[in-house]
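An overview of the molecular structure
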Amino acid sequence: MRTIIYFLLCLYGIGFSHTLHAQNPPIENSAAIYLQIKKLNVLGSVLYIAAHPDDENNTLLPYLAKGALYRTAYLSLTRGDGGQNLIGDEQGFELGLIRTEELLAARRIDGSGQYFSRAFEFGFSKSANEALHIWDKNKVLADIVWVIRQYQPDVIITRFPRDKRAGHGHHWASAILANEAFTAAADPTQFPEQFAYGVKPWQAKRILWNTYNFGSINTTANDQLKIEVGGYNPLLGESYGEIGGEARSMHKSQGEGRPRREGSITEYFTTTGGTPPDSTLMDGINTTWSRIKGGAAITQQINALLNNYSIQHPEYALPALVSIYHAIQNLPEQNNWTKEKLQEVVQLMANCSGLMAEATSSSEYAVEGQSMQLQFFVNKRLPAAVQLKQIRLMSNQHLLFDTTLQQSLSVNDNTVFEHRFPVALHQPVSQPYWLVHPMENVGMFTVNDQTLIGKPESPPAYTADFTFTIADVSFTLHKAVQYKYVDPVRGEVYQPFVVTPPVTVSIQPNVVLSNVERAGKPVTPTILNVQLQANFSAASVPVQFHLQQGQAVVAQKDTLLNFENGKSYLWTVPLQQVFHAQDKPLLQPTVALPIQGKEMTYHLNVKKIAYSHIPNIHYFYTDSVKVITEPIKVVGTKVAYIAGAGDKLPDAIQQLGYEVQVLQEQDITDEKLRQFDAVIIGIRAYNIHEFLTTKNDVFNRYIYNGGNFIIQYFKSNYINNKPVKAGPYAFEVNGSPRVTEEQAPVKFLLPKHSVLNYPNTITAHDFEGWVQERSTYQAQPKDSHFEAPLSMHDSGEAPSSGSLLIAPYGKGNVAYVSLVLFRQLPAGVPGAYKLLANLIALPKHQL
């Protein structure tokens, strides 16, 4: 069926068409709608609190949200920024961006909400005191209180205890802070500035610790509250353990793929505050409509709807839903629950009507100062009486487009119209809100807008508001404008719609060594590549490139360019011509050009992170080059690299002047390896690539014949339940110590060892300026051939010497390196480059 529809705004040049969508976003099926109606009758809420992505209990959350039908959410204090990445080379806040989206992907599976505090995961911590010292304890506590006051949970659950049994200092601190927030949220003298934003004091009924049995640590007990959470839900067609396994497997950057668990699963809880429960989480809490004055009758209405619900015809539920909507709206007491339930009823009316509404762009980017073509789409798939009343386009709470329609929708008739809109010259770029301002310190993101704190991500750049009428109820569906395309492999794909500047500007490489010599001669001078990418098309654009060192412009180029959208333009600059002030090691590019008759200067670059299990991620930053002027000597010319879990070591090796070749499994032969001065293994590679173990004899022959074999850290001496073989001599890394204090003193146990002297002299100065940590997963030698040149330890702990082990074998050497060079090299730490050069240059031995 085709319908010709004329909207009032045809007068303003909007074109309309009716086309069939090849593949639409899923609409809730009838069984899911029935479950939603059941949830409408439950007024109980739970907030789960822990420290990181993957700390949540992935079986308990779907049981609470989809089984018990409580409003359920997880508050992760951090975004997981400080961990390791098993799927790419992103580190720091980039990894936090990935893990944020992985958490949201898990929540879409288990039906829970997601919150965060402003805390930055700065790396492994061994005590709550350290975590609370590096974080701003009061601000993190304020964030938890803010979320509690907004969310108003009946029950709060923590994952960890308030002592060292928690293991990680962040775990420990999360439990301490959650219990303090349990009390502080109800105290009107605590963080009263929050009340200006519409919240009020809130006292949860109780706070519980979800105890556990993890390996050798069993904190469960028979006298604790026990809940069976492994049940099968026939409306979903799966158990909560199966849902949890699927949700857990979204943490792919952590290698957290898990089986879908069937069978009985018991969770244990002990009370740490409030009234202890007797037999259920909600003991003593009214979770029915009678908790709201005048609400008892609504229970009967919902029960009648459930009894009369038609699986084949969910649209038959609409009259009852309209009545329930009015009943809630007319209650004498309006609060968070009435607001939440009205939203649930609205979503149910949309689902029971088979309504689909979206606003999309065929381009991924909206460009400042240009225009964007958007498509608005509506389909009502079931025979319900629905009117499309209004469509509005919003940006940052500003109205950009409005129309009054009052159009009755036909069944399964696609209504589509397109329109081109201007993009404001100063439209804010699509930046994650916690990255808009520089961090306050190493432990906290800076967020100045109180209303953003706690949110998992930034609001969309543009939102389409579709207003519908069913009977006498008008309701609005708020839909983020998305980028939509058809991928030949994945099919129809929806991605975020991103606001970008008219041009972005980058510079490479990001770390430059300006004083490297080989055999007394300087290596090839570095060329800086400044790249401008045009995000629009225009002829004869006057462009001025600038390269700044501090406030001084050290290089400039004026040119006339014919811009093509998506095309890049390169300006090459020899480092020696522009780098002058030794005390200002950063070089930053900018470009100036006219936009809409105004001279505009741009300095931002954009990074796009794309993985198939999460939406695309974009963030903007000012690109720069850090110049290291310390003299560094290198020996040799060629290095092989075998990638592991993802790091940026090949770039650093190239900066040292080496030719780098990345090897694959088929390249590991005696003939191939003999050309290299050193072979370097990427982080955690032995826990990823079984071929490293099966090819160990080849590596050993390479070492014996004079090669240097450098193994970066791995976590376990096993892969796929089989022992790892790494080099000619045995060493153990399971349960080994790590040094998390980046400024921990380093003692030279073997000051005359070649790794500390050749070709560069290593001193205590070379361990200054390190970031996040010193070493991770240190090794315990099982063979006397190993030498340990260094010793270090965190405060209050015994010294450990497993951060660097070196052993001669034949003419060559094998080294195990748990020093976190993979973090220090991209950060531009000079001493890390000198250590790497010395490892590559370990001298050959006479047989």
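1. Concerning the overall build of the protein chain
Counting secondary structure elements, the protein chain contains 17 helices and 49 strands. In terms of C-alpha radius of gyration, the protein chain reaches 30 Å, essentially the compact-globule figure of 29 Å for 847 residues. Counting only C-alpha atoms, the protein chain reaches 90 × 75 × 55 Å along its principal axes. Counting the 847 residues in the protein chain, one finds 56% classified as buried. For the protein chain, long-range pairs separated by at least 24 residues make up 74% of all intrachain contacts whose partners lie at least 6 apart in sequence. For the protein chain, the computed accessible surface area is about 34900 Å², with 50% contributed by carbon and sulfur atoms. Of the charged side chains in the protein chain, 69 are positive and 74 negative, and the gap between their average positions amounts to 1 Å.

2. What to know about helix α9 (residues 318-329)
Since the α-helix turns once every 3.6 residues, residues separated by three or four places project in the same direction. Helix length check: α9, at 12 residues, gives a terminal C-alpha distance of 16 Å against a target of 16 Å (1.5 Å per residue), a fit within 8%. For α9, the full list of buried residues reads Leu318, Leu321, Val322, Ile324, Tyr325 and Ile328. Taken around the axis of α9, the buried residues stretch over an arc of 165 degrees, which confines them to a single face. Where α9 is buried, its residues contact α8 (296-308), α10 (336-352), β19 (463-470) and β20 (473-480).

3. Observations regarding the pattern of salt bridges
Throughout the structure, instances matching the rule amount to 25 salt bridges. We note a salt bridge from Asp143 to Arg118, for which the minimum N-O separation is 2.8 Å. Highlighted residues: Asp143 in helix α5 (residues 137-151) and Arg118 in the loop between β4 (113-116) and α4 (128-134), separated in sequence by 25 residues. Across this residue pair, the class does not change: Asp143 and Arg118 are buried. A salt bridge links Asp154 to Arg291; the shortest N-O distance between them is 3.0 Å. Here Asp154 is found in the loop between α5 and β5 (155-158), whereas its partner Arg291 is found in the loop between β12 (266-274) and α8, with 137 residues between them in sequence.

4. Considering the side chain of His168
Looking at where His168 falls in the secondary structure, it is placed in the loop between β5 and α6 (169-184). Residue class for His168 comes out buried when judged on its relative accessible area of 10%.

5. Let's talk about the packing of helix α2 (residues 60-67) against helix α3 (residues 93-110)
Contact geometry of α2 with α3 gives a least axis separation of 9 Å together with a crossing angle of 45 degrees. In terms of orientation, α2 and α3 fall into the oblique class. Facing Leu61, Pro62, Ala65 and Lys66 of α2, the residues of α3 in contact are Arg107, Ile109 and Asp110.

6. Topic: the pairing of strand β39 (residues 659-662)
As judged from the four bridges shared by strand β38 (residues 638-642) and β39, these two strands associate in the parallel manner. Opposite Ala640, over in β39, you have Gln661 as the bridge partner. With helix α12 (residues 649-655) bridging β38 and its parallel neighbour β39, the resulting β-α-β unit is right-handed.

7. Comments concerning the sheet that holds strand β37 (residues 632-634)
Ordered by their spatial adjacency, three strands build an open sheet running β27-β26-β37, and the pairing between neighbours is mixed. Of all strands in the sheet, those with a lone pairing partner are β27 (521-522) and β37, marking the two edges. Of the strand pairs in this sheet, strand β26 (residues 516-518) and β27 are connected by two bridges, and their pairing is antiparallel. Along β27, the bridge assignment pairs Glu517 with Pro522.

Procedures and definitions
Just so you know, the residues in each chain are numbered from 1, in the order the chain's sequence is written. Reporting in this predicted model follows two pLDDT cut-offs: at least 70 for local features of residues, and 80 or more for side-chain atom pairs to be given and counted; totals over whole chains, interfaces and linings ignore these cut-offs and use all residues. Hydrogen atoms and water are omitted, and side-chain values are computed over all heavy atoms in the structure. Here a strand is any run of E in DSSP of at least two residues, a helix any run of H or I of at least four, and the numbering for each starts at the N terminus. What the globule rule says is 2.2 Å times the number of residues to the power 0.38, and the radius of gyration is computed from C-alpha atoms. Relative accessibility decides the category of a residue: with a 1.4 Å probe and only protein chains considered, values under 20% of the type maximum give buried, values over 50% give exposed, and everything between is partly exposed. Residues count as neighbours in contact if any of their non-hydrogen atoms are within 4.5 Å of one another. All accessibility values rest on the Shrake-Rupley procedure with a 1.4 Å probe; residue burial counts only the protein chains present in the view. We treat Lys and Arg as the positive residues and Asp and Glu as the negative residues; His and chain ends play no part in the count. Charge positions come from single atoms, namely NZ of Lys, CZ of Arg, CG of Asp or CD of Glu. Helices are assigned an expected span. That span is 1.5 Å times one less than the residue count. Regarding the arc, it is the one traced by the directions from the helix axis to the C-beta atoms. Salt bridge criterion: a side-chain nitrogen from Lys or Arg within 4 Å of a carboxyl oxygen from Asp or Glu. Angles run from 0 to 180 degrees between N-to-C directions of axes, and those axes are lines fitted to C-alpha atoms, restricted for helices to the stretch in contact. Small angles under 35 degrees read as roughly parallel and large ones over 145 as roughly antiparallel, with 65 to 115 read as roughly perpendicular and the rest as oblique. When DSSP locates at least two bridges between a pair of strands, those strands are taken to pair. Looking down the strands as they point away from you, a crossover is right-handed if its path from the first strand over the helix to the second goes clockwise.

Geometric values such as these leave the question of function open.
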